[in-house]
Amino acid sequence: MDTKHASEKPQSETPSRGTVHDINSLSALGYVPELRRNRSLFTLLFQTLAIAAIPFGEGGPLISAIYGGGQLSIFVGWLVVLVLDECVALSLSELASRYPTSAGPYYWSFQIAKRHKTVLSFINGWIWLIGNWTITLSVNFGFASMISATIAMYHPDFAANSWQLLLIFYAICLLTFVICTFCNVFLPMVDTICAIFTAVSILIILLALSATAKAGRHSAAYALGNYDTSLSGWGNFTFFIGLLPAAYTFSAIGMISSMAEEVANPAIKVPRAMSLCVPIGGFAGLFFILPICFTLPPLRDITSAPAGQALPYILHMVTGSPGGGLGLTFLVLAITMFCSISITVAASRCTWAFARDKAIPMSSLFSQVHPTLNVPVNSLILITIIQMLLGLINLGSSSAFTAFVSVGVIALAVSYAIPIAISLLWDRRRQISLAQWNCGTLGIIVNTVALLWIAFELVLFCMPTALPVTKTSMNYASVVFVGFGVLAAGWYGIYARRGSFFHYPFSSTPSEFVRTN
């Protein structure tokens, strides 16, 4: 690395940049502090929960669980995914504790790999970056689709065409950009408000659905065990299709690692926030999915929900009232707005960190931090423009656009798997054993389960939801992902092999960092 690294000692150590301990720790990793450390363990945890956004994360793609068999896939699938995703969260937490920097997975890969450091790190970095961009795109476009479906639910004559949906999407992107750019000082408070609002909203939805149940109230055996394999065409594999909503909910949990340079003592607080998200969010999620399971309308009726958005339809039918359903849907939409803000912030830090390491074109521009706003404004602009450009694809082909949206989960999962696998299989967890926060003797089991789950998850997110497959229902995410990988490898061959980035001033065992921590 040639710019803004540890060789350029900070002129002064201000409280906004962290304690002497924080500055020394980051300098040992090769960087100079540039962002204010204005977040605490709780606000970091709340941001992680805001990114998960349980009612939207589970409710947005809920149609997949309907095709996946209904109540059994929703309830049991939620519990299964909680255990598996917690193994991923714990594995990432160890790495984040060992190397607490906004660079995240690609930096971890560079430091732990024994050979081919640069190429592994570069390709992993681009996969990580693409995952951040496309998962943010999926949230914002899913938000637009849910707004469209909500309008159509209560105005049956309305059907948003591609241009109208695109304009709604653009409005969300621009609003999120303005908030993330000019309200950074208030965002920790916004994340706290989001956590409280989400908890209250889940409670309101629980009470409202349980009290009305206009579509019928099911027995416990039916609500927790109903399993219909006739909708997807996948036969006995149907259950696994139903895991998609739960897997999507916690797919972006590793993105919080990009906030490491905005919290004091990140070697402890980042892994704690990351590891607590799944159990806390999972427990809260039970109070959201259980009333849905007990009051769910007929599954086949749900498959015809407007815009493929099952949740607004379910809320409308269960409450039996346009006003009641709209009120509950509004709560979910508000939570989605919080999610959009939090995930855009994390993605902008990822982009800024990768630009800081000179891994993207015009890196000197996108690695700048605004001196007054103290945010990487140019990185936020880049993310917003990329989302808006990708949104144009939906005008030509909705299935092609869906592939770009779906690739977010795949890219993030692969970017997680690479450093976990390097640490477990290549380094034998030697570096992780030096982390302040690690899983100890259980680490091998946790890492192994995480890698197996990610491998299976990649298969799930590359499969079409239902059979037979048509041009519209075909899942092209794997093709798009491979295409991105080829482009990253090509850019490495053209640019990175000349040694324009990743000149870290130490080996994979930075003794200064070990002493500091």
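All values reported here derive from a predicted model rather than from experimental measurement.

Q: Can you lay out the nonpolar core for me, pointing to particular residues and giving the numbers?
A: Generally speaking, a soluble globular protein has its nonpolar side chains buried in company with each other. Of all hydrophobic cores here, the largest spans 167 residues; its most connected members are Trp-126 and Met-255. Element by element, the count of residues in this core is highest for helix H16 (residues 322-356), at 18 residues. Those residues in contact with Met-255 that sit more than four places away from it in its chain are Trp-128, Asn-132, Ile-135, Thr-136, Ile-343, Ala-346, Ala-347, Leu-412 and Tyr-416.

Q: If you had to explain the side chain of Arg-349 to someone new, which residues and values would you point to?
A: Structurally, Arg-349 can be placed in helix H16. In terms of polar contacts, Arg-349 uses its side chain to reach the side chain of Ser-348, at 2.8 Å. In this view, Arg-349 contacts Leu-35, Asn-184, Ser-258, Met-259, Glu-262, Val-375 and Pro-376; residues no more than four positions away in its chain are not counted.

Q: Outline helix H5 (residues 71-98), listing residues and values.
A: Along its 28 residues, H5 runs 40 Å from first to last C-alpha, staying within 8% of the 40 Å computed at 1.5 Å per residue. Helix geometry: H5 is bent most strongly at Gly-77, by close to 30 degrees.

Q: Outline the pattern of salt bridges, listing residues and values.
A: With the rule as written, the count across this model stands at five salt bridges. Across the pair Glu-261 and Arg-356 runs a salt bridge whose closest N-O atoms are separated by 2.9 Å. Separated by 95 residues along the polypeptide, Glu-261 in the loop between helix H12 (244-249) and helix H13 (266-295) and Arg-356 in helix H16 bring together distant segments of the chain. Of the charged contacts in the structure, one is a salt bridge between Arg-349 and Glu-262, with a shortest N-O distance of 2.6 Å. Taken together, the residues Arg-349 in helix H16 and Glu-262 in the loop between H12 and H13 connect sequence positions 87 residues apart.

Q: So what's going on with helix H20 (residues 398-426)? Residues and values would help.
A: In this model, H20 (29 residues) spans 41 Å end to end at C-alpha, consistent with the 42 Å of a helix rising 1.5 Å per residue. A maximum bend of about 30 degrees is found in H20 at Val-407. In terms of burial, H20 is largely enclosed, as 22 of its 29 residues are buried. Where H20 terminates, the next one or two residues include Arg-428, which has phi positive at roughly 55 degrees.

Q: Hey, could you go over a nonpolar patch on the surface for me, with residue numbers and the actual values?
A: A contiguous nonpolar surface patch, about 380 Å² in accessible area, is contributed by Leu-467, Val-469, Met-474, Tyr-476 and Val-479. Judged by relative accessible area, which is 31%, Tyr-476 ranks as partly exposed.

Q: Report on the packing of helix H7 (residues 117-154) against helix H15 (residues 310-319), specifying residues and quantitative values.
A: For the pair H7 and H15, the least separation of the axes is 9 Å and the interaxial angle reads 35 degrees. Two packed elements cross with a definite hand, and for H7 against H15 that hand is right-handed. Here Met-146, Ala-149, Thr-150, Met-153 and Tyr-154 of H7 lie close against H15, whose contacting residues are Pro-312, Tyr-313 and His-316. Across the contact of H7 with H15, the residue classes tally to six nonpolar, two polar and no charged.

Q: So, unusual backbone geometry: which residues are in play, and what are the values?
A: Between Leu-467 and the following residue, Pro-468, the backbone shows a cis peptide bond with an omega angle of 0 degrees. On the secondary structure map, Pro-468 appears in the loop between helix H21 (443-460) and helix H22 (477-494). In this structure, Ala-53 takes a positive phi of about 45 degrees despite not being glycine. For Ala-53, the location among the structural elements is in the loop between helix H2 (41-52) and helix H3 (54-59). Overall, Ala-53 belongs to the buried group, its relative accessible area being 2%. Backbone geometry places Ala-307, a non-glycine residue, at a positive phi of 60 degrees. Looking at the element boundaries, Ala-307 is found in the loop between helix H14 (299-302) and H15. Residue classification places Ala-307 among the exposed positions, given a relative accessible area of 55%.

Q: Account for the confidence of the model for the protein chain, with residues named and values stated.
A: Averaged over every residue, the pLDDT of the protein chain is 89; residues scoring 70 or more account for 92%. For the stretch residues 505-517, pLDDT sits under 50, and the model shows 32 contacts to residues farther than four places along the chain or on other chains.

Q: Mind laying out the state of the cysteines, listing which residues take part and the relevant values?
A: Applying the stated rule across the entire model yields zero disulfides. With no disulfide of its own, Cys-439 has Cys-87 as its nearest cysteine by sulfur position, at a separation of 8.6 Å.

Q: Report on the packing of aromatic side chains, specifying residues and quantitative values.
A: Summed over the entire model, instances satisfying the criterion amount to 20 aromatic pairs. Measuring from centroid to centroid gives 6.5 Å for Phe-122 and Phe-354, while their planes differ by 40 degrees, and the two rings are tilted. Placement of the pair is Phe-122 in helix H7 and Phe-354 in helix H16, with a sequence separation of 232 residues. Just above the ring of Phe-110 sits the side chain of Lys-117; from NZ or CZ to the centre is 5.4 Å. Above the plane of the ring of Tyr-31 lies Arg-356, whose end atom (NZ or CZ) is 3.7 Å from the centre.

Rules used throughout
Throughout, residues of each chain are indexed from 1 in the direction in which the sequence is written. In keeping with the model being predicted, local features are shown solely for residues with a pLDDT of at least 70 and side-chain atom pairs are shown and tallied solely at 80 or more, while totals for entire chains, interfaces and linings include all residues. Calculated side-chain values reflect all of the structure's heavy atoms, with hydrogen atoms and water omitted. The set of buried Ala, Val, Leu, Ile, Met, Phe, Trp, Tyr and Cys residues whose side-chain atoms join them within 4.5 Å is what this entry labels a nonpolar core. A simple rule labels every residue: compare its accessible area, found with a 1.4 Å probe on the protein chains alone, to the largest value its type can have, and call it buried under 20%, exposed over 50%, or partly exposed in between. By definition, any uninterrupted DSSP run of H or I lasting at least four residues is a helix, any uninterrupted run of E lasting at least two residues is a strand, and each is numbered from the N terminus. Contact definition: two residues touch when any of their heavy atoms are within 4.5 Å. Within 3.5 Å is the distance limit for a polar contact, defined as a pair of N or O atoms, with the added protein rule that one can donate a hydrogen and the other accept it, and that residues adjacent in sequence qualify only through two side-chain atoms. A helix is expected to span 1.5 Å multiplied by its residue count minus one. Working definition for bend: take the seven residues up to and ending at a residue and the seven starting at it, fit an axis to each, and measure the angle between the axes. The salt bridge definition used is simple: a Lys or Arg side-chain nitrogen within 4 Å of an Asp or Glu carboxyl oxygen. Patches here are clusters of residues that have more than 30% relative accessible area and form no salt bridge, with a 9 Å joining cutoff for like charges and a 5 Å cutoff for nonpolar side chains (Val, Leu, Ile, Met, Phe, Trp, Tyr). Accessible areas in this description were obtained via Shrake-Rupley with a 1.4 Å probe; residue shielding takes into account the shown protein chains only. Axes, fitted as lines to C-alpha atoms, cover a helix only where it is in contact. Angles between the N-to-C directions of the axes lie from 0 to 180 degrees. Handedness of a crossing follows from how the near helix is turned relative to the far one, being left-handed for an anticlockwise turn of less than a right angle and right-handed for a clockwise one. Only Asp, Glu, Lys and Arg are considered charged, only Ala, Val, Leu, Ile, Met, Phe, Trp, Tyr, Cys and Pro nonpolar, and every remaining residue, Gly among them, polar. Note: pLDDT gives the predictor's confidence per residue, expressed from 0 to 100. In this description, the term disulfide denotes a pair of cysteine sulfurs within 2.5 Å. To pair, rings of Phe, Tyr and Trp, with the six-membered ring standing in for Trp, must have centres within 6.5 Å; the planes then decide the type, stacked if under 30 degrees apart, edge-to-face if over 60, and tilted in the middle. Only Lys NZ and Arg CZ are tested; either one counts as a charge over a ring when it is within 6 Å of the ring centre and within 35 degrees of the ring normal.

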